[in-house]
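The primary structure of each chain is shown beneath.
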Amino acid sequence: DAGDLDACFRLWQLLRSFAATGEALPVLQRVCDAGRAEGCGELGAVLHERGELSLAETTLSQACDRSYAPACSALLDVLWQMGRLDDGDAALERAANVSGEACAGCDAEGCMLQSRLLMRLRRWNEAVEAGRRACDDQHPEHCEEAGVILGNVRRYAEAADMYDRALPLLEELCAPGEFESCLFL
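Residues numbered from 1 in each chain as written. Predicted model: local features only at pLDDT ≥ 70, side-chain atom pairs only at ≥ 80, totals over all residues. Heavy atoms only, no water.

Draft legend 1. Structural detail: the side chain of histidine 48. Along the polypeptide, histidine 48 turns up in helix H3 (residues 37–49). According to the relative accessible area criterion, histidine 48 is buried, its value standing at 18%. The contact partners of histidine 48, leaving out residues within four places of it in the chain, are Leu53, Ala56, Asp77, Val78 and Gln81. (Helix = DSSP H or I, 4+ residues; strand = E, 2+ residues; numbered from the N terminus. Buried < 20%, exposed > 50% of the residue type's maximum accessible area, 1.4 Å probe, protein only. Contact = heavy atoms within 4.5 Å.)

Here you go:
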């Protein structure tokens, strides 16, 4: 009650670890209302888990606007569940911007989603760059998908480079028994 937001946020983390999210929501709301992006992001995640999608969208948007990358990725999931990504180019533009925020926060999933959305918007060069950033995160599936995107825009030499980057990553994952990765070899 003394107003120490760091203490409130730590309290929230402790309560969440004990699955006491219901009791902690007011604490987290206070942290979010005070402008802390992580608080809004966590509050949005809990609201999403509880199926309160409209409230989750609002709080996750606040956190994403404050450049909290995990909230941007979660916001895309909420928008998808609400059917907001099927409302035409304006919705796709919004989603591409949100995923761009996640990508800027070094979220490889956000980069890959941004790449897919930009492809749907026919913004080829931007799609390629987002795909490359996803591949740079050392996820072979992202390198493979970036290769597909490059092939779709007829940049075959660069596509081959993405596949070449994916192959050793897949081999590395396959060796210790990641059998799903072995299927791609």
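Draft legend 2. Seen up close, the state of the cysteines. What the rule picks out here adds up to 3 disulfides. Note that cysteine 103 is cross-linked by a disulfide to cysteine 111, the S-S spacing being 1.9 Å. Since a negative S-S torsion denotes a left-handed disulfide, the cysteine 103-cysteine 111 link at about 90° is right-handed. For the pair shown, cysteine 103 and cysteine 111 are each scored as buried. (Disulfide = S-S within 2.5 Å.)

Draft legend 3. View of the nonpolar core. In terms of nonpolar packing, the biggest core is built from 39 residues, with Leu43, Leu60, Leu75, Val98 and Ile149 touching the most fellow members. When residues of this core are traced back to their parent elements, those giving at least two are helix H2 (21–33), H3, helix H4 (53–65), helix H5 (69–81), helix H6 (89–104), helix H7 (108–120), helix H8 (124–136) and helix H9 (140–152). For valine 98, the contacting residues outside a window of four places in its chain are Cys64, Cys72, Leu75 and Leu76. (Core = buried A, V, L, I, M, F, W, Y, C linked by side-chain atoms within 4.5 Å.)

Draft legend 4. Quick peek at the environment of serine 99. Inspection of the secondary structure assignment puts serine 99 in helix H6. Separated by 24 residues in sequence, serine 99 and leucine 75 place their C-alpha atoms 8.8 Å apart. A polar side-chain atom of serine 99 sits 3.0 Å from the main-chain carbonyl oxygen of alanine 96. (Polar contact = N/O pair within 3.5 Å; in protein donor to acceptor, adjacent residues only side chain to side chain.)

Draft legend 5. Region of interest: the packing of H4 against H5. Axis separation between H4 and H5 bottoms out at 9 Å; the angle between their running directions is 150°. One finds that H4 runs roughly antiparallel with respect to H5. Crossing handedness for the pair H4 and H5: left-handed. Here H4 contributes Leu53, Ala56, Glu57, Leu60, Ser61, Ala63 and Cys64 to the contact with H5, which in turn contributes Ala71, Cys72, Ala74, Leu75, Val78, Leu79 and Gln81. Tallied by class, the residues present in the contact of H4 with H5 amount to 11 nonpolar, 2 polar and 1 charged. (Axes fitted to C-alpha atoms, helices over the stretch in contact; angles between N-to-C directions. Parallel < 35°, antiparallel > 145°, perpendicular 65-115°, else oblique. Left-handed = near helix turned anticlockwise from the far one by under 90°. Nonpolar A, V, L, I, M, F, W, Y, C, P; charged D, E, K, R; others polar.)

Draft legend 6. Examining H3 more closely. Between its first and last C-alpha, H3 extends 18 Å over 13 residues, near the 18 Å set by a 1.5 Å rise per residue. Glycine 51 lies just past H3 and shows a positive phi near 80°. (Expected span 1.5 Å × (residues − 1).)

Draft legend 7. Local environment of the side chain of serine 61. Positionally, serine 61 belongs in helix H4. The class of serine 61 is buried, set by a relative accessible area of 15%. Beyond its immediate sequence surroundings of up to four residues, serine 61 is in contact with Leu75 and Arg94.

Draft legend 8. Structural detail: the packing of H5 against H6. Where H5 contacts H6, the axes come no closer than 7 Å and their chain directions differ by 150°. Here H5 lies roughly antiparallel to H6, going by the angle between them. For H5 against H6, the interelement crossing comes out left-handed. Contacts from Ala69, Cys72, Ser73, Leu75, Leu76 and Leu79 of H5 reach H6 at Arg94, Ala95, Val98, Ser99, Glu101 and Ala102. When its residues are assigned to classes, the contact of H5 with H6 shows 8 nonpolar, 2 polar and 2 charged.

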